[in-house]
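Letter by letter, the chains look like this.
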Amino acid sequence: MAAPSPPTTLACDRSGWCALNNETALQALFGLLTVLGCLTALSRTVADPDLWGYLAFGRLFWESGRFPYHDIFAYVPTRSLWVYHEWLTGVVFYPVYQALGAPGLQGLKFALGLATAYLVYLTARRRGAGFWAALLGIWAVQVLFTTGYSPVRAQIFTYFFFALSLYVLESVRLSGRWRGLVLLVLIQIPWCNLHGGFLSGLGLLALYALGEALCRRPYLPYLAALLAASLVTLINPYGLDYWSYLFRAVAMPRPEILEWASVAQAWQAGVFRVTIILFVSLAGFAALLAWWAKWRELTPGLILLFTLYLGLRHCRHLVFFFVAAGAYLPVLLQAFGKEVLQSRAAAVWSRGPVRVAVATLALVGLLAVGGKFFSKNPLTLELPETPKNPQGLFSYPVSAVAFIRTHHLSGNILNEFNWGEFLMWSLSPSCKVAMDGRYETVYGDEVYRLHLEFIRGRPGWREFLQKYPPDLVLVDPTSKVYPLLMAAPDWRQVYRDAGAALFQPRQEKPAASLHNRP
């Protein structure tokens, strides 16, 4: 009969130093450090522009008492049916924001982020990885929190459901208990209404069916689950029109949106470079580890290869590779550790001073990481008026909106792309916008093209003004169209600060005198 493991205690050496000198206690210590590390990685506070679109839809849904099938926020021509694939996110976010404010939304992000990390950990353990290998998997993929959890987007639901799908699929594959696939069918109902990323869940089912078929293992249950999961996605407010929208959205190019750039394009543009370095490093390490282990698991290998391909194609899909790597690779990492490192590591680890030093470092790490997390005011949402990063993303015309309200300005606003949803949330219904981040769900290609010509100050920049004349123009003073508007005889600047400039047609009597802020 095996002897019981010793209780968790504090052990002191002769010099009087105390340290956690027990495996269970050390696991608890490093587990807590990992949780704090995840929370710190999740603690971005600059609000994402898409958030205000969710909230605007949620407010319209809850206050109108009917489902909004037609856009009311834009003044330019829009599609006859507004297929908003993130509609349920807005329905969830709005009451949370109304009741709890920014802390409520940030808390929801933290909860789903930690749940996603825990599911990655559980999948690694389910596949046979030990505690330390699975924990290393979480540290290796922590970058997903800095790249995919901009506060607060619908993607947080997709990443959670993706990790849950991996856990269920691996449990089913390893146990042969097919009933677990029913859960993957049921989660598609909320998932497809929360975010269009539900396609990744269907893709996982398809790849598991293919991998198991190639391995000559049972694959029909996966195909049956895939068929059922696809059918239940029709439980949405738009029916088949939802899928018509998806086919168009998946195929459409988005060259002006950085997160849709390929890894090569993003590197050339100087964005996401830290994430790309970690991605390439992890992919290379995974390849070497698989080669060393002579890895023969075809199905997980297919998932890693496909998510690698998706990440190379579009930076916003890098997260899927990190999740898959964190779930699949720890068991290989553990095998490597046992064969190459265990004999040496065991001799070192058995020494009391080493355990004392490791525990001390972990405690110092806890204090440092915890201090960094709380110093960020992680439950807030920032609205900077000028960009806080080198890429010039995510600034808001907060003072310009206050000026518009104070002077009772209203009408149609020709605005910067990233400001549209914030203006919808802040100024509707007195003002309507020309463009916003929902563009493929609402606007036609021609409207988007003309808007881009205007903002970029290209030769045909006046065409948008002529086709869709606005009452107000709100642009970034650093944009290329700004000096053109300043020089235009038919427009006058009525407000400017460091982050935004507001113009009115010159032929109309200005609603207020010119205001400038440094």
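Below you will find a few notes about this structure. What you see is a predicted model, and the numbers here were worked out from it, not measured in a lab.

Thresholds, definitions, all that
- Residues numbered from 1 in each chain as written.
- Predicted model: local features only at pLDDT ≥ 70, side-chain atom pairs only at ≥ 80, totals over all residues.
- Heavy atoms only, no water.
- Axes fitted to C-alpha atoms, helices over the stretch in contact; angles between N-to-C directions.
- Helix = DSSP H or I, 4+ residues; strand = E, 2+ residues; numbered from the N terminus.
- Parallel < 35°, antiparallel > 145°, perpendicular 65-115°, else oblique.
- Left-handed = near helix turned anticlockwise from the far one by under 90°.
- Contact = heavy atoms within 4.5 Å.
- Nonpolar A, V, L, I, M, F, W, Y, C, P; charged D, E, K, R; others polar.
- Buried < 20%, exposed > 50% of the residue type's maximum accessible area, 1.4 Å probe, protein only.
- Core = buried A, V, L, I, M, F, W, Y, C linked by side-chain atoms within 4.5 Å.
- Polar contact = N/O pair within 3.5 Å; in protein donor to acceptor, adjacent residues only side chain to side chain.

1. As for the packing of helix α9 (residues 198-214) against helix α14 (residues 298-313)
The description of two helices packed together rests on the angle between their axes and the distance between the axes. As a packed pair, α9 and α14 sit with axes 8 Å apart at the nearest point and diverge in direction by 140 degrees. By the angle class used here, α9 and α14 are oblique. α14 is crossed by α9, and the crossing has right-handed handedness. For the pair α9 and α14, contact is made by Leu204, Leu207, Tyr208, Leu210, Gly211, Glu212 and Leu214 and by Leu298, Thr299, Leu302, Ile303 and Phe306, respectively. Classifying every residue of the contact of α9 with α14 by side-chain character gives nine nonpolar, two polar and one charged.

2. Description of the packing of helix α3 (residues 87-126) against helix α6 (residues 155-175)
Packing of α3 against α6 leaves a shortest axis separation of 8 Å and a crossing angle of 30 degrees. In terms of axis orientation, α3 runs roughly parallel to α6. Crossing of α3 over α6 shows left-handed handedness. Across the interface between the two elements, Thr89, Phe93, Leu108, Lys109, Leu112, Ala115, Thr116, Leu119, Val120, Leu122, Thr123 and Arg126 from α3 touch Ile156, Phe157, Tyr159, Phe160, Ala163, Leu164, Leu166, Tyr167, Glu170, Ser171, Leu174 and Ser175 from α6. Within the contact of α3 with α6, the residues separate by chemical class into 16 nonpolar, five polar and three charged.

3. What about the environment of Ser175?
Locating Ser175 in the fold gives a position in helix α6. With relative accessibility at 32%, the residue Ser175 sits in the partly exposed group. As a C-alpha pair, Ser175 and His408 span 233 residues in sequence and 65 Å in three-dimensional space.

4. Remarks on the nonpolar core
Leu166, Phe454 and Phe464 are the most contacted members of the largest nonpolar core, which totals 168 residues. Per-element tally for this core: the top contributor is α3, with 13 residues. With residues near it in sequence (within four places) discarded, Leu166 still touches Thr123, Leu204, Tyr208, Ile303, Val323, Ala324, Ala327 and Tyr328.

5. Points about the side chain of Thr307
Along the chain, Thr307 turns up in helix α14. At 2.8 Å, the side chain of Thr307 forms a polar contact with the backbone oxygen of Ile303. Not counting the four nearest positions on each side in its chain, Thr307 is found in contact with Phe162, His317, Phe320, Phe321 and Ala324.

6. Focus: the environment of Gly176
You can see Gly176 is positioned in the loop between α6 and α7 (181-186). Taking the relative accessible area as the measure of exposure, Gly176 reaches 33% and is therefore partly exposed. Through-space distance from the C-alpha of Gly176 to that of Pro218 is 8.8 Å; in sequence the pair is 42 residues apart.

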